[in-house]
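If you want the building blocks of each chain, they are given just below.
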Amino acid sequence: LGRAPEPDGQSLLNALDLLKTLDLRAAITQLRKPLTLILGGRDRLVPVGQVEQLKDLSPALDVRLIESAAHLPFMTHPEEVASILREVLSMRPRWA
């Protein structure tokens, strides 16, 4: 695999603007299949307290926390993320 091209600045700005206004809480209440979120306890972009509130919106939402990780736990803590994924996938039925 080659290295991905750098994203253009305007695309990044557009994505940040979208994040200011996008609210998917209503969609979370409609979840019918399990969704696992893997978060970093030291994430300053997505505070854990805000995500913890989402758990009340849907029983399908499973929040996993890696205390020592920040915003990109899959990059900084790949072993812990892999362990969570193995555990979650082993508990779920295979979807057709």
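Definitions and cut-offs
Residues numbered from 1 in each chain as written. Predicted model: local features only at pLDDT ≥ 70, side-chain atom pairs only at ≥ 80, totals over all residues. Heavy atoms only, no water. Helix = DSSP H or I, 4+ residues; strand = E, 2+ residues; numbered from the N terminus. Buried < 20%, exposed > 50% of the residue type's maximum accessible area, 1.4 Å probe, protein only. Expected span 1.5 Å × (residues − 1). Polar contact = N/O pair within 3.5 Å; in protein donor to acceptor, adjacent residues only side chain to side chain. Pairing = 2+ DSSP bridges. Right-handed = clockwise from strand over helix to strand, strands pointing away.

Okay, the environment of Pro59 next. Its place among the elements puts Pro59 in the loop between helix H3 (48-54) and strand E2 (61-66). We classify Pro59 as exposed; its relative accessible area is 88%.

Another point: helix H1 (residues 9-21). The end-to-end C-alpha separation of H1 is 19 Å, in line with the 18 Å expected for 13 residues at 1.5 Å each. N-capping of H1 is provided by Asp8, with a side-chain oxygen placed 3.1 Å from the backbone N of Gln10.

A few words on the pairing of E2. Where strand E1 (residues 35-40) and E2 come together, six bridges link them in parallel fashion. Following the sheet pairing, Gly40 is matched in E2 by Ile66. Handedness of the E1-H3-E2 crossover: right-handed.

Read these as layout, nothing more, since geometry by itself doesn't imply function.
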